[in-house]
Structure formats: structure tokens, C-alpha cells
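# Structural characterization, general
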Amino acid sequence: MLRAWIAALVGGAALAAVGVAGATVDDWERTRKDVIDPLNSELHRHLPTYLKSRDLTGVLDLYTTATGTGLRWTEPTRVYPGREETVLRWNGDRGSEPIRARYEKILEIFAAIDKAELRIHRIHWKNADDDGYPAEVRLLVRGTRKDGSRAQLDQRATLHIRQQDKLWRISAEEVTGREMVLGDAPRFELATEAAGLVDVHENEGSPRFRLVGDVTNSSGSAVADVDRDGCEDVFLAGSPRSALYRNDCRGGFTDVSAEAGIPRPFPSVPTGVVFFDYDNDGWPDLYVSAVTGGDRLFHNTGKGRFEDVTKRAGIPAGRWASMPIVADYDRDGFLDVYVIRMGDHEKTAPEPNYQADNGLPNTLLHNQGDGTFVDVSEDAGLADTGWGLAGGWADYDDDGWPDVYVGNEFGFNALYHNQRDGTFRNVAKAAGARDRGAAMGISWGDYDNDGDLDVFVSNMYANSRWALFHPDFPVPAPWYYRLLGVFLPREFEQHAQQIIEETTRGSTLLQNDGGGRFTDVTDRARVRDGQWGWASQFVDYDNDGWLDLYAVNGFVTGPIPDDV
């Protein structure tokens, strides 16, 4: 997947792959073969494998030094006292320490290691010294202790790495940060099978996403009490099979799709879904967006039975939709629908793939109040043509009118301020909310309890990002940036590295300052590395009065696990 992902990054249409110093694709192929792949294999793959299997000799063979520096394994400090989980932090005693002793301590703590990861955050290819290349890494170890309780170690370090007899080895290690989370028993348990919700997603008929090979669309889910029995039911979208599961109020679910009027096979290839009461009759209706085959609106006729009213309601077919989000944007008492759309992944590609605006326009459907909708996207200023994957309504400036944040997978996100006259204005840049990080999920919540809504953007953190900063990497650049590189090579390189940094660094938490502006507090809040992020949700899972953050991640696993 490392090779496939990098190929996707440089493979946008109308882009030419030219390195910052005149390097070519051939240069990069040699570097990938001789430098990147061996380094990825030795450190990113072998070190965690040896550690998980408790092979201390294998781990130590990756080092050419017997002594490390930085934080030592002394007594930690407990932070966040009073919480159910114990969080320990090492932040005092620094000095020299045997590398062997460091790993012996880890193996002493963990009776069994479920998973170990070494994430290479950055290699400073141009700052080599006598010890080799400086590299910033993060070691994660998850498992159980001797008493059966669970633990996770999060250790950050600056390494020096160098190639020795064609093998990459660690020549120096300075531990710069270390935390451990301990829990006596998990608060949650997996209940999928017991609840009867064993459902495998299907996406038959989906177009292929040409940018990343054989990848096809995924679909969403929605929760609502469709029959008003006091228990939440679940809709799972898919093609040809979408399913509505009714909650029996005893912890179990039953597939009631047929009796509820959910067609099978489903008439489109669905993506996002949402329950909302569009006609104010007290029953949750269902909107299903689609990548192909057209969006669908299902009216709840009562007690959880649905009727397809797509044509009667004036819902345009649309295509390449990501998700529908709802709000009463004009405060007329009826919920409206905003459909976030991506680009045509089958026939086109984002241009350029770090600042694309050649996607399909988003669709704002105004609820007329008589059971019909009308497309007002252009007039409202919401026909955004970024490659949108997510969006979220929120009144971020507390003026009583819902605004909307739109996440663009291949470029800058947009924050549209509600002008209170049926129109919107993109204020992302002025508000400090113009994030560019391959957005895939948007969540609003007041995480700091200051009375203002903050926003978390689930982005892609690429474990292979360190390779993209190599001087031989062929930066995907349109002709006008290539021309800039001829006359201003330093400026071109800085611009190229800024793009790589922003599009691969991970998720973003924007703190609302209450005055219409946002501050990026991601690193301070320690929520940057959410891996390949998708959806997320603020939720106070431990009922302590503070919003926590649940972030879903993952991607197709290649021959080398965790490489993306």
C-alpha cells in the first residue's frame, strides 16, 4: 500500500512529477528501491514485529548503539487524577540509559502485547550528521499486564538512522515524551453478534475510484426511533442490500427491511444517510444519498413504514454524493437538506490534487413546507465544487442561524457563514478555519466548555508521509509551479513541503475563540495522529461533563500492515 498510496498522490490528471531539484520519476524509483522500501521494512515493520513477539535480540540488532538518552524509566507522575483510567506521564529525569534496559522495562510491563507500532513521523533528509539522519518517531504498544489489566504505552523519540552494509540501523535514540494509560477493565464490550447486528457491507455497482486502483465507495448508517417505541433503530446502507434493523428494546435487533418498505435490491448505490422529519408529522423520514443511481427520500408513513417519495418531493437524482446533512438554515420551521458531493472519481481526478475545485457542486435543497424541495444551491452560494467528503451544520458564532463547515478531501475546507438572507459566504480563511488535510469527517462540539462550538476535522495521517519529504520524491506540481521552481527553487521547495505537510499530517482540532475566529490547537490537545481518519464524534462517554472524542480510522491493508 505504501507504493500504491504514493502513486495515487502523484497520479492526478494534468500534473507533472518533477522533483524540487530536478529529480525525475526514475530518480525516485531508484531511491524508493534502495532507500525507502528497505527503511520501511527494517524500522516500520521489523521493530514492532520483534517487540510483539518478545524477541529482544531482534530489537537490539536494529541498533548500533547500546545507550540512549532523554527520558529515563523513573517514577512517572499521574495526570488527570480522579479519572477512571490512570494516565501516567514521564517528564522529569533525563540522562543516559541502556537501550536493552528500555525494552526490558516494556516487556516487564506487558505480560502480553496485542499490538506494537513504530510510526515514523518525519525524517530530516537534508540535516544528516555523523550519526545519520534525524527522525521523529512514535512507539505505541498495547496489551495486558500481569494482573490482567489493559495498558497502552505512547513513547515519542528522536532517532538518528543510517544505512550500514545496506541495512538501516538506529545509531542514536533520545526519548522526548512518554505516557501510559492503564485500565482495570474495559468500559465497553463488543455486542454486535449478541445484538443481532451482524451485517456485512455490500457496494455492488459502485464505480471504481481510478485514483486509488480498485477502491469503491463505502456507505453510511443512521439511527432514529422510526416506530416511536422509545428505542433507537438502525439503518445500514448498501447495494444491493440496505437494511433497517428494529430495536426490540431488550438489546436485540431484527431486520425489518421488507415490512418497512425498504426496497431490495436498493435502487441506487448509496453513500451517506440521515433520518429527519421533513414534514413535521412527528415521524423520522429517511434521506439516502448515492454515488450513482440517484438520491432517495423515504417518507415515514407511521410506525416505521416507509414510502419512496423521491419524485413527488422533487429530489434531483444527483450523483457522486458523499453525505446529506440537515438543518433549518432559513428558520422557516422546516428542515432543509445539504448534500455534500465529491468529484467524478471514475472519469476524472482532482486538479490539482492538493487544491482541487473541479468536483461536482454540492446541493442545497430548500424545504418548501408542502412536502417538496427545490434546489437553491447557486442562489445560496453553497454550490461548492471541492471534492467534498463531509460536512456539518453548527451556529459557530451564536447568532441564531446555522452555518456549515464543508470538508474537502483534496484541498482547502470551507466555512460558510449564514448571512440570514438565504445566502452564505465562505469565511474559512478570515476565520482561521481553512484547513487542508484530506478531510473525511466533521464534528462540532464544545470540548473546552467555554460556551462556543469547536470543530474537529478527521483527516488522513499517512504513516508513509516521511518518504514524501525525500529530495528525490517527484512532487506533483502544475506547470505554473514548475515554472516558479526554475527561477525560485528554494521557494518552490518550501511550497511543496508545506503542501505535503498539510495534506498528510493528520486531523485538525479548531478551537472557537468566541469572536468568530478559530485557533488550531491540535498538537496541544494531542489529537493529530488519528491515522487514516474517517468519521468522528464528540461524546461524553464517562459522564464527567467534558466531551471526549471518538475517531474511526482504517484503510485497505496491504502486504505491509500499517504502512498507511
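As the structure is a computational prediction, the values presented were derived from the model and not from experiment.

The rules we used
Residues numbered from 1 in each chain as written. Predicted model: local features only at pLDDT ≥ 70, side-chain atom pairs only at ≥ 80, totals over all residues. Heavy atoms only, no water. Helix = DSSP H or I, 4+ residues; strand = E, 2+ residues; numbered from the N terminus. Rg over C-alpha atoms; globule rule 2.2 N^0.38 Å. Areas by Shrake-Rupley, 256 points an atom, 1.4 Å probe, with all protein chains shown as cover. Lys, Arg positive; Asp, Glu negative; His and termini not counted. Charge placed at Lys NZ, Arg CZ, Asp CG, Glu CD. pLDDT = per-residue confidence, 0-100. Contact = heavy atoms within 4.5 Å. Disulfide = S-S within 2.5 Å. Buried < 20%, exposed > 50% of the residue type's maximum accessible area, 1.4 Å probe, protein only. Pairing = 2+ DSSP bridges. Axes fitted to C-alpha atoms, helices over the stretch in contact; angles between N-to-C directions.

A separate point is the overall build of the protein. Within the protein, the secondary structure is distributed over 12 helices and 32 strands. The C-alpha radius of gyration of the protein comes to 25 Å, within 12% of the 24 Å expected for a compact globule of 564 residues. For the protein, the C-alpha atoms occupy an extent of roughly 75 × 65 × 45 Å along the three principal directions. Accessible area of the protein: about 25,000 Å², with a carbon and sulfur share of 49%. Between the centroid of the 59 positive side chains of the protein and the centroid of its 90 negative side chains there is a distance of 6 Å.

It is worth spelling out the confidence of the model for the protein at this point. Mean pLDDT over the protein stands at 91; residues scoring 70 or higher make up 93%. Counted against residues more than four places away or in other chains, residues 1–21, with its pLDDT under 50, gives 67 contacts.

Before going further, it helps to examine the state of the cysteines. For the structure on display, the rule yields one disulfide. Disulfide pairing places cysteine 231 opposite cysteine 249 at an S-S distance of 2.1 Å. Taking the sign of the S-S torsion, about 130 degrees here, the bridge from cysteine 231 to cysteine 249 comes out right-handed. Here cysteine 231, found in the loop between β10 (221–224) and β11 (233–236), pairs with cysteine 249, found in the loop between β12 (243–247) and β13 (253–255); they are 18 residues apart in sequence, far enough to count as distant. Residue cysteine 231 is classed as buried on the basis of its relative accessible area of 16%.

Next up on the list: the environment of glutamate 189. By the element assignment, glutamate 189 lies in the loop between β9 (167–183) and α5 (192–195). Taking the C-alpha atoms as reference points, glutamate 189 and cysteine 231, separated by 42 residues in sequence, lie 20 Å from one another.

Taking strand neighbours across the sheet as the criterion, the four strands line up as β22-β23-β24-β25 in an open arrangement whose pairing is antiparallel. For this open sheet the edge positions go to β22 (388–394) and β25 (424–426), each flanked by a neighbour on one side alone. Averaged over all adjacent pairs, the angle separating strand axes in this sheet is 20 degrees, with direction ignored. The pairing of strand β24 (residues 414–418) with β25 spans three bridges and is classified as antiparallel. Of the residues in β25, the one forming a bridge with asparagine 418 is phenylalanine 424.

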